[in-house]
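Residues per chain are reported as follows:
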2 protein chains.
Amino acid sequence: MLETVTPMKTEASDALSETAQKGDAEKRGRKASKEVRRLQLIEATIDSLAKRGYAETTMADVADGAGLSRGIVNFHFESKEKLLIATLQHMYDEYSAHWRTALQKAGDDPARQLQYLVWADFDRSICNKRKLAAWLAFWGEAKSRPTYQALSSSRDAYYQQVFIDLCATLKESGGYSYEPQVIALALSAMLEGLWLRLMMGTEDTTRETALQAANAFLAAAFPKHYG
Amino acid sequence: MLETVTPMKTEASDALSETAQKGDAEKRGRKASKEVRRLQLIEATIDSLAKRGYAETTMADVADGAGLSRGIVNFHFESKEKLLIATLQHMYDEYSAHWRTALQKAGDDPARQLQYLVWADFDRSICNKRKLAAWLAFWGEAKSRPTYQALSSSRDAYYQQVFIDLCATLKESGGYSYEPQVIALALSAMLEGLWLRLMMGTEDTTRETALQAANAFLAAAFPKHYG
DNA sequence: CACCATTTGTTGAACATTCATTCAATATGG
DNA sequence: CCATATTGAATGAATGTTCAACAAATGGTG
């Protein structure tokens, strides 16, 4: 049921596998390329955000999580704020690339494209406890931090426009009566709301039930296409 | 279009109007009843959460916002954590009372009850920038703080059950084909997702457009009742 | 009513802790 | 040997909490 839309792996998990991890204490102090270290620290930041939340995430915790020393983060990122921005940017890029790939794989049929976009949202590589928790941590701080705002809603204006265009196309071919913008807003809001439930760890919501709910919406809104 | 379902006012805003505010510097040092002070400090906490976010909310900022001295919060709440829990509890109680009142005012017709619940979610007294921002601030920390978890999803298990029951009733009378739990999850997730959009301050989403989207969902899912 | 004692509320400075940042010393790889 | 990466202790700023002193209300008593 939950087919993987794209086999994308996070580059960082690859990077981690060739560098120091908790077990390899003897590798501490080894030099690694700048990009590898940065990814390693970004992954450790996501870990910390997921485990402790935004407010409790400290530089020391990130460094410990990466198995490196205290001063290292400032060397690679200058400041805590820049580390967090880089982390957010990393997650944004990953999400962005993921749905674009999914859209491409769907081919030319608009109904299929919309279905693939919905599936992409619940793909394991994107939609897992660790990353959802990190997203939520950023969302909580986004409104009061101008720097975060542009990046913090993973679904940006362009993504929204794609949804609107797809809804408009389906409306024509199916003879539905609603405004494309309105139904697109309802749909994308529901996807975010389902994410929110998954993040909060409410018992009654799992990736499977969330996907069911999303499909129920599609069937209700576009009965000719998903009936 | 946006009719006020309930004329409820926050007790705290009443309380504030009879106690010291920024202008009345001469009233500083005056004693006030315990309950009034607590509400005053809780309101100042919501202000701070909305303005600065969770991580940047400090005891000093709360005290300044209330026009009182630094040590006062510990006197009334013992610790910062207890102040935040009391604030969350206050918001939870307010939300809870609000939707229950709305449900009561709807009368016996299930379609009307569901419509009133949806309206209640976008009522100004609940759904305004200040309070939404405070909710989001708590959500961001909820997963990593067990104490927050029970209170942080304003829509609790009972609320969800009411939705499911209403969907089940509508299904029978309208001859729809989906599972009530699934469509109820889709609906409540969409409401939360719309809140999220409003919180984030995305330009294309206002209280009016959010309500339109919610109504579009109702019309799509229950055409016999809201067509 | 006036007076004083007691309780209760409030203040702001002092304290202890946590944490981001800096940097001189050291290690590593080329 | 040089450039670069890494370490970890030192530093200073921010902040939650404590508390002794003070002020205001309360209530009892003559």
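Residues numbered from 1 in each chain as written. Chains lettered and ligands numbered in written order. Predicted model: local features only at pLDDT ≥ 70, side-chain atom pairs only at ≥ 80, totals over all residues. Heavy atoms only, no water.

The name recorded for chain A in an unreviewed UniProt entry is Transcriptional regulator BetI, from Mesorhizobium atlanticum.

Participant: Mind showing me how you'd approach the overall build of chain A here?
Facilitator: For chain A, the helix and strand inventory stands at 12 helices and zero strands. Helices and strands in chain A line up, N terminus first, as α-α-α-α-α-α-α-α-α-α-α-α. Per-residue burial over chain A gives 57% buried out of 227 residues. A fraction of 71% describes how many contacts in chain A between residues 6 or more apart in sequence connect residues 24 or more apart. If you sum the accessible surface of chain A, you get close to 10,000 Å²; carbon and sulfur atoms cover 50% of it. (Helix = DSSP H or I, 4+ residues; strand = E, 2+ residues; numbered from the N terminus. Buried < 20%, exposed > 50% of the residue type's maximum accessible area, 1.4 Å probe, protein only. Contact = heavy atoms within 4.5 Å. Areas by Shrake-Rupley, 256 points an atom, 1.4 Å probe, with all protein chains shown as cover.)

Participant: Would you mind showing me how to read the interface of chain A and chain B here?
Facilitator: How big an interface is tends to be reported as the loss of accessible area on association of its parts. Chain A puts 45 residues into the contact, and the matching count from chain B is 46 residues. Across the contact surface, chain A and chain B share four salt bridges. Across the pair B:Glu192 and A:Arg197 runs a salt bridge whose closest N-O atoms are separated by 3.3 Å. Between the two partners, chain A and chain B, sit 14 residue pairs in polar contact (both at pLDDT 80 or more). (Salt bridge = Lys/Arg side-chain N within 4 Å of Asp/Glu carboxyl O. Polar contact = N/O pair within 3.5 Å; in protein donor to acceptor, adjacent residues only side chain to side chain.)

Participant: Hey, could you run me through the relation of the copies chain A and chain B in this one?
Facilitator: The two chain copies are related to each other by a rotation about an axis together with a translation along it. By a simple turn and slide, chain A fits onto chain B: the slide is 0.0 Å along the axis, the RMSD is 0.0 Å, and the turn is 180°. The relationship between the two copies is best expressed as a two-fold rotation axis. In this assembly the copies share their binding face: 100% of the residues contributing to the interface of chain A also contribute to that of chain B. (Least-squares fit on C-alpha atoms with pLDDT ≥ 70 in both.)

Participant: Explain the nonpolar core to me, please; I cannot follow it from the model alone.
Facilitator: General note: in soluble globular proteins, nonpolar side chains tend to be found buried as a group. Of all hydrophobic cores here, the largest spans 154 residues; its most connected members are A:Phe122 and B:Phe122. Setting aside residues up to four positions removed in sequence, A:Phe122 forms contacts with A:Cys127, A:Leu191, A:Leu194, A:Trp195, A:Leu198, A:Arg207, A:Ala210, A:Leu211 and A:Ala214. (Core = buried A, V, L, I, M, F, W, Y, C linked by side-chain atoms within 4.5 Å.)

Participant: I'm lost on the UniProt feature "DNA-binding region" (unreviewed entry) in chain A in this one. Help?
Facilitator: As annotated by UniProt and renumbered to match this structure, "DNA-binding region" (unreviewed entry) occupies residues 58–77 of chain A. Counted over residues 58–77 of chain A, helix gives 70% and strand 0%. Its end C-alpha atoms are 14 Å apart. (UniProt positions renumbered as here; feature names shortened; annotations may be inferred.)

Participant: Sorry if this is basic, but what is going on with the packing of aromatic side chains here?
Facilitator: The way to describe two aromatic rings as a pair is by their centre distance and the angle between their planes. Tallying each qualifying case throughout the model produces 27 aromatic pairs over all chains. Where A:Tyr54 meets A:Tyr148, the ring centres are 6.2 Å apart and the plane angle is 70°; that geometry is what we call edge-to-face. Of this pair, A:Tyr54 sits in the loop between helix 2 (34–52) and helix 3 (59–66) while A:Tyr148 sits in helix 8 (residues 146–152); the two residues are 94 residues apart in sequence, bridging distant segments of the chain. Since its relative accessible area comes to 1%, A:Tyr148 is described here as buried. Measuring from centroid to centroid gives 5.6 Å for B:Phe138 and B:Tyr148, while their planes differ by 90°, and the two rings are edge-to-face. Placement of B:Phe138 in helix 7 (residues 129–142) and of B:Tyr148 in helix 8 (residues 146–152) is noted, with a sequence separation of 10 residues between them. (Phe/Tyr/Trp six-rings, centres within 6.5 Å; stacked < 30°, edge-to-face > 60°.)

Participant: I tried to follow the packing of helix 6 (residues 110–121) of chain B against helix 9 (residues 157–174) of chain B on my own but got confused; where do I start?
Facilitator: Packed helices, taken two at a time, are described by the angle their axes make and the gap between the axes. Residues and elements named next belong to chain B. The interhelical angle for the contact between helix 6 and helix 9, taken along N-to-C directions, is 145°, at an axis separation of 9 Å. As helix 6 packs across helix 9, the resulting crossing turns out to be left-handed. Contacts between helix 6 and helix 9 involve Pro110, Ala111, Gln113, Leu114, Leu117 and Asp121 on the former and, on the latter, Tyr159, Val162, Phe163, Leu166, Thr169 and Leu170. Taken together, the residues of the contact of helix 6 with helix 9 sort by class into nine nonpolar, two polar and one charged. (Axes fitted to C-alpha atoms, helices over the stretch in contact; angles between N-to-C directions. Left-handed = near helix turned anticlockwise from the far one by under 90°. Nonpolar A, V, L, I, M, F, W, Y, C, P; charged D, E, K, R; others polar.)

Participant: It is not clear to me how unusual backbone geometry should be interpreted in this structure. Could you clarify?
Facilitator: Keep in mind that most residues, glycine aside, have a negative phi and that most peptide bonds are trans. Phi is positive for A:Glu78, which is not a glycine, with a value near 75°. Residue placement: A:Glu78 occurs in the loop between helix 4 (72–77) and helix 5 (80–105).

Participant: How do you make sense of the confidence of the model for chain A when you look at a structure like this?
Facilitator: The predicted structure's coordinates, where accompanied by low pLDDT, should not be read in detail. Residues and elements named next belong to chain A. With 86% of its residues at a pLDDT of at least 70, chain A reaches an overall mean of 88. Mean pLDDT across the elements of chain A ranges from a minimum in helix 1 (residues 11–17), with 44, to a maximum in helix 6 (residues 110–121), with 98. Overall, residues 1–29 carries pLDDT values under 50, and its contacts beyond four positions in sequence, including any with other chains, amount to 44 contacts. (pLDDT = per-residue confidence, 0-100.)

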